Amino acid sequence: AVNVRHGSAQIDTMLVRHRACTDVRIDRSLPPDWLGIGSAAPWAAAHARAFSTIEVFEDVVYGRVMGAALICDMARPVPSAVRGPTPAIISVHGGCWVGGHKRDTSTIVVTQWAQQFGFLAMSVDYRLAGLAAPPACYQDIQCALRYAHANALELNIDPRRIFVIGESAGAH
């Protein structure tokens, strides 16, 4: 389990599994103003509880390149179950930029992030190296971020709290 410390409160956030290891425990100490919104994150307690009802969207088109769709999977707590906009997290899969996809083991489980943490969670596909000229992979991730910002109201997310997470190439 990964524990995130925020001020004096500790929030259990997710279980991390990697092909080469078992459970990993990481304790991160975050400064009180880690989001730049005052001495405490007002959403932290609300988003540390489980959300019983979530919406799941598969193969959502977040952009188009020369007619080809860039797609992602998304999950979020139903807007009526939350007060105000939620944070968002965009997961980028690994695979050395030449392999992988939005549902492989190097990505987050979008339903877990929506149900347990109250985030809108996106797991994105991008054009792979060898199929598209560099920096296509990077540009597709930028497109996903722009999609989240441009649709923040419709998606019920706070554009100041959009996070990106990745493994291997996805963390690059």
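Criteria and thresholds
Residues numbered from 1 in each chain as written. Predicted model: local features only at pLDDT ≥ 70, side-chain atom pairs only at ≥ 80, totals over all residues. Heavy atoms only, no water. pLDDT = per-residue confidence, 0-100. Contact = heavy atoms within 4.5 Å. Helix = DSSP H or I, 4+ residues; strand = E, 2+ residues; numbered from the N terminus. Expected span 1.5 Å × (residues − 1). Buried < 20%, exposed > 50% of the residue type's maximum accessible area, 1.4 Å probe, protein only. Arc of directions from axis to C-beta. Salt bridge = Lys/Arg side-chain N within 4 Å of Asp/Glu carboxyl O.

1. So, the confidence of the model for the chain
In step 1: Residues of the chain with pLDDT of at least 70 account for 71%, and the chain-wide mean is 78.
In step 2: This stretch, residues 1-44, has a pLDDT under 50; its non-local contacts, to residues over four places away or in other chains, come to 69 contacts.

2. Description of helix H2 (residues 136-150)
In step 1: In this model, H2 (15 residues) spans 20 Å end to end at C-alpha, consistent with the 21 Å of a helix rising 1.5 Å per residue.
In step 2: For H2, every residue scored as buried is listed here: Ala136, Cys137, Asp140, Ile141, Ala144, Tyr147 and Ala148. The arc that holds every buried residue of H2, seen down its axis, measures 145 degrees, which confines them to one face. Among the exposed residues of H2, those oriented more than 90 degrees off its buried face are Tyr138, Arg146 and Ala150.

3. Details of the pattern of salt bridges
In step 1: Following the criterion strictly, the structure yields nine salt bridges and no others.
In step 2: The residue Glu55 makes a salt bridge to Arg76 at a minimum N-O spacing of 2.6 Å. Within this pair, whereas Glu55 is found in strand S4 (residues 54-65), its partner Arg76 is found in strand S5 (residues 68-77), the two being separated by 21 residues in sequence.
In step 3: Where Asp73 meets Lys102, a salt bridge forms, and the shortest distance between an N and an O atom there is 2.9 Å. Residue Asp73 is found in strand S5, and its partner Lys102 is found in the loop between strand S6 (86-92) and helix H1 (110-117); the two are separated by 29 residues along the sequence.
In step 4: Judged by relative accessible area, Asp73 falls into the buried class, the value being 7%.
In step 5: Looking at Lys102, the relative accessible area reads 5%, which means it is buried.

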